[in-house]
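# Topology and contacts: notes
Below are the chains, spelled out letter by letter.
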Amino acid sequence: MGSDPTRVMVAVNDSTIKGYPHPSISSKRAFEWTLEKIVRSNTSDFKILLIHVQVVDEDGFDEVDSVYASPEDFRDLRESNKAKGLHLLEFFVKKCHEIGVGCEAWIKKGDPKDVICQEVIRVRPDFLVLGSRGLGRFQKVFVGTVSAFCVKHAECPVITIKRNADETPSDPADD
């Protein structure tokens, strides 16, 4: 009489550090913490649900220094953004498969804090794990935090994992 695996949603995002096309420091730390402290060797008892939310700029352009001369340029840009999100999820899915824990991964577009809370309602995970940059009060006013919003509004238990002090970049708002 087997029970369903515990479903752990982990929100992941890419790094904000220029020239650093990898998972953000805090989301990678939250994912690794989940595997080390929650899943451990009980891989069949858990299912990791990976969500990546791509933020759409107000004007729809992330590449402000680029020149767009044809319709193909815009198509290429859309495909490039989608590829970035897929590459990010591939990193985490590969790690799950390496240790033998089941997973699902998907990409949504929008405001991360709102989309993550909507996906919690839709998917009904047992709990949500988010990375946190560990910003101070002053920095939070200007930058805002997805994790603080989700702690207050997500309809499931939420665990936030701060990045290690030695992983903090020179600008703490970077990740």
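Residues numbered from 1 in each chain as written. Predicted model: local features only at pLDDT ≥ 70, side-chain atom pairs only at ≥ 80, totals over all residues. Heavy atoms only, no water.

Per an unreviewed UniProt entry, the chain carries the name UspA domain-containing protein and comes from Arabis nemorensis.

### Things to note about the nonpolar core
Condition: We define a nonpolar core as any set of buried Ala, Val, Leu, Ile, Met, Phe, Trp, Tyr and Cys residues linked to one another through side-chain atoms lying within 4.5 Å. Whether a residue is buried, partly exposed or exposed follows from its accessible area with a 1.4 Å probe, protein chains only, as a fraction of its type maximum: under 20%, in between, or over 50%, in that order. Any pair of residues with heavy atoms lying within 4.5 Å of one another is described as a contacting pair.
Val10, Phe31, Ile48 and Leu50 are the most contacted members of the largest nonpolar core, which totals 20 residues. Contact partners of Val10, with chain neighbours within four places excluded, come to Phe31, Thr34, Ile48, Leu49, Leu50, Ile51 and Val129. Grouped together as the second largest cluster of nonpolar side chains are 16 residues, Ala11, Leu49, Val115 and Leu130 included.

### Observations concerning the packing of aromatic side chains
Stated formally: Under the pairing criterion, centres of Phe, Tyr and Trp rings, with the six-membered ring standing for Trp, must be within 6.5 Å; the plane angle then separates stacked pairs below 30 degrees from edge-to-face pairs above 60, leaving the rest tilted. A run of H or I in DSSP becomes a helix once it reaches four residues, and a run of E becomes a strand once it reaches two; helices and strands are each numbered from the N terminus.
In total, this model carries 2 aromatic pairs according to the counting rule given. Between the aromatic rings of Phe31 and Phe92, the centroid separation amounts to 4.8 Å while the plane-to-plane angle is 75°, which identifies the pairing as edge-to-face. Note that Phe31 is positioned in helix H1 (residues 25-39) and Phe92 in helix H2 (residues 71-99), a separation of 61 residues in sequence. On the basis of relative accessible area, Phe31 is assigned to the buried category, the value being 2%. Taken together, a centroid distance of 5.1 Å and an interplanar angle of 90° make the contact between Phe91 and Phe92 edge-to-face. Looking at Phe91, the relative accessible area reads 26%, which means it is partly exposed. Look at Phe92 and you get buried, because its relative accessible area is 0%. Pairwise contacts between aromatic rings join Phe31, Phe91 and Phe92 into one cluster.

### So, helix H3 (residues 112-123)
The periodicity of an α-helix, 3.6 residues per turn, causes residues three or four places apart in sequence to face the same way. To keep it simple, the criterion reads: By this rule, a helix spans an expected 1.5 Å times one less than how many residues it contains.
Along its 12 residues, H3 runs 16 Å from first to last C-alpha, staying within 8% of the 16 Å computed at 1.5 Å per residue. Buried residues of H3: Pro112, Val115, Ile116, Cys117, Glu119, Val120 and Val123, and no others. On its buried side, H3 packs onto strand E1 (6-12), strand E2 (46-54), strand E3 (102-109), strand E4 (127-132) and helix H5 (146-153). Where H3 terminates, the next one or two residues include Arg124, which has phi positive at roughly 55°.

### Concerning the sheet that holds E2
Strands belonging to one sheet form pairs held by backbone hydrogen bonds; the direction of such a pair is parallel or antiparallel. Formally: Two strands pair under a simple rule: DSSP has to find at least two bridges between them. Between N-to-C directions, angles cover 0 to 180 degrees, with each direction set by a line fitted to C-alpha atoms, over the stretch in contact for helices.
With parallel pairing, 5 strands are arranged side by side in an open sheet as E3-E2-E1-E4-E5. Since the sheet does not close on itself, it has two edges, and those belong to E3 and strand E5 (158-162), each with one partner. Each adjacent strand pair in this sheet contributes to an overall mean axis angle of 25°, direction not counted. Along the sheet face, H1 touches E1, E2, E4 and E5 and points at about 135° away from the line of E4. Docked against the sheet, H5 engages E4 and E5, running at close to 155° with respect to E4.

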